[in-house]
Amino acid sequence: MAGLLAVLLAAWGSGSGAFPARAEDAPVPACSDITIVFARGSDQQLATATGQQGMAQAFFDHVETRLTGYSINDYELGTREYGGYRYRAVGISAILSLYRSYIIETVASMIRRMSRPPGNSPSSDSSADLLDIYLRGASEYRNSVIEGMGEFTHYLNDRGSDCPDEIFLVGGYSQGAQVIRSSLSLLDEETRDRIAHVALFSDPTLHLPEGESPGSIANCLWRTPGGVSPWRRGTVGCSTSNGILNLDGFRFLSIGPPAPYVPADIESRAGSWCEQTDGVCTGSVLDLVLGVHFDMATRRFHVPIHGVYADSYFVEAASEAASRVVEATG
């Protein structure tokens, strides 16, 4: 059941709760100076599919306002299929749908058993049924991450071949951050060299090695040179070492090892923002559980602390990204 809790909670995004609809394929934009790629969080819908100003569009807007004079192509992961992959951002909705089916089947089975004469009821293993639902839910989440990684790597490789002079800015939120982070090591070094900045927010696979021992925690607190990871951003405490999906028992939902967090050749151009009370990236199950709210109006679960990222940290990340672009083109 602890693993089930991880599947249900660590996969949550901002709480839109609707299973992501797929946008119609749009024409591939012409080459530009910059391409920005963003991967949404679990259960968030594509802004291009709904017309809503989602997190991807907010990120695009923050970056573009700081890069006037550049031609920019925006791409939200999941918009098209690349290499046979298309990111679905599966999360709590898909898993809860499996559970609704399980509950209905269980109730129907109980009614059937009650209607049979004594001694004629076949044995039933509810725990086995529950485990099956749990494994199917975990598989759905992992498949979603793999699909995102496949789409992202194929998109960037294709775009890089078609537009050899473009600079890339990439970002992701929650499950989307996991997708982007896990994909970086799959890109060749030449493609990574063209990524001016990586912005990750509430990454469930965050890894901060300075939080692993008393000595390294002290170095972090005193900001000793080399004592903090170059990608550390936000208000996350020095005692945090791993996001929720890097904890023992939860790593089966991660793709690849937790370290190195990003390839060495790009770590100086990466930032991973984590709010200190966000259990997704701090690895605190208590913060994760206490931070989950149920909105009676929308009848959806959501995590209010996640709103900090779009309200504040996007501004910081956009400023960093713009500075990196100016450095790369100056």
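Quick look at the structure, then. Being a predicted model, the structure only gives us computed values, none of them experimental.

**Description of the side chain of E151**
Positionally, E151 belongs in helix α5 (residues 126-162). Comment: no salt bridge for buried E151; closest opposite-charge side chain is R86, at 6.0 Å. At 2.8 Å, the side chain of E151 and the backbone nitrogen of G78 are in polar contact. Setting aside anything within four residues of it in sequence, one finds E151 in contact with Y75, L77, G78, T79, R80, Y82, Y85, R86 and Y87.

**Concerning the nonpolar core**
Grouped together as the largest cluster of nonpolar side chains are 65 residues, with contacts concentrated most on F38, F59, L169, I195, V198, F201 and Y309. Residue contributions to this core peak at eight residues, all from helix α11 (residues 307-329). Those residues in contact with F201 that sit more than four places away from it in its chain are F38, F59, G172, Y173, S174, A177, W273, Y309, Y313, F314 and A317.

**A short note on the pattern of salt bridges**
On inspection of all chains with the given rule, the structure shows seven salt bridges. Residue E147 pairs with R88 through a salt bridge whose shortest N-O separation is 2.7 Å. Here E147, found in helix α5, pairs with R88, found in the loop between β2 (72-76) and α4 (92-115); they are 59 residues apart in sequence, far enough to count as distant. An identical accessibility class is assigned to E147 and R88; each is buried. We note a salt bridge from E166 to R159, for which the minimum N-O separation is 2.7 Å.

**Here's the deal with the state of the cysteines**
According to the stated counting rule, one finds three disulfides in the structure shown. With a sulfur-sulfur separation of 2.0 Å, C31 is cross-linked through a disulfide to C163. Between C31 and C163, the S-S torsion sits near -80 degrees, and that sign places the bridge as left-handed. Separated by 132 residues along the polypeptide, C31 in the loop between α1 (2-10) and β1 (34-39) and C163 in the loop between α5 and β3 (167-173) bring together distant segments of the chain. Across the disulfide, C274 is cross-linked to C281 (sulfur-sulfur distance 2.1 Å). Across the S-S bond of C274 and C281 the torsion is about 85 degrees, and the bridge reads as right-handed. Accessibility expressed as a relative area gives 0% for C274, which makes it buried. Cysteines bonded in the chain are numbered consecutively along the chain; their disulfide partners then correspond to 1-2, 3-4, 5-6.

**A closer look at a negative patch on the surface**
Where like charges cluster on the molecular surface, the negative patch consists of D188, E189, E190 and D193. With respect to the helices and strands, D193 occurs in helix α7 (residues 189-193).

**Side note on the side chain of R233**
One can find R233 in strand β5 (residues 232-234). Here the side chain of R233 touches E320 through a polar contact of 2.7 Å, side chain to side chain. Contact partners of R233, with chain neighbours within four places excluded, come to A270, G271, S272, W273, C274 and E320.

**Side note on the sheet that holds β3**
One key point about sheets: their strands pair by backbone hydrogen bonds, in either a parallel or an antiparallel sense. Spatial strand order, β2-β1-β3-β4-β6-β5: six strands in an open sheet with parallel pairing. For this open sheet the edge positions go to β2 and β5, each flanked by a neighbour on one side alone. Between one strand and the next, the sheet's axes are offset by a mean angle of 20 degrees, whatever the strand orientation. Taken together, the four bridges between strand β4 (residues 195-201) and strand β6 (residues 270-274) define a ladder with parallel strand orientation. Bridged to A199 within β6 is G271. Where helix α3 (residues 55-64) meets the sheet, it contacts β1, β2, β3 and β4, and its direction lies at approximately 150 degrees from that of β1. The strands that helix α6 (residues 175-184) touches are β1, β3 and β4; relative to β3, the one it contacts most, it runs at about 135 degrees.

The rules we used
Residues numbered from 1 in each chain as written. Predicted model: local features only at pLDDT ≥ 70, side-chain atom pairs only at ≥ 80, totals over all residues. Heavy atoms only, no water. Helix = DSSP H or I, 4+ residues; strand = E, 2+ residues; numbered from the N terminus. Buried < 20%, exposed > 50% of the residue type's maximum accessible area, 1.4 Å probe, protein only. Lys, Arg positive; Asp, Glu negative; His and termini not counted. Salt bridge = Lys/Arg side-chain N within 4 Å of Asp/Glu carboxyl O. Polar contact = N/O pair within 3.5 Å; in protein donor to acceptor, adjacent residues only side chain to side chain. Contact = heavy atoms within 4.5 Å. Core = buried A, V, L, I, M, F, W, Y, C linked by side-chain atoms within 4.5 Å. Disulfide = S-S within 2.5 Å. Patch = residues over 30% accessible without salt bridge, like charges linked within 9 Å, V, L, I, M, F, W, Y side chains within 5 Å. Areas by Shrake-Rupley, 256 points an atom, 1.4 Å probe, with all protein chains shown as cover. Charge placed at Lys NZ, Arg CZ, Asp CG, Glu CD. Pairing = 2+ DSSP bridges. Axes fitted to C-alpha atoms, helices over the stretch in contact; angles between N-to-C directions.

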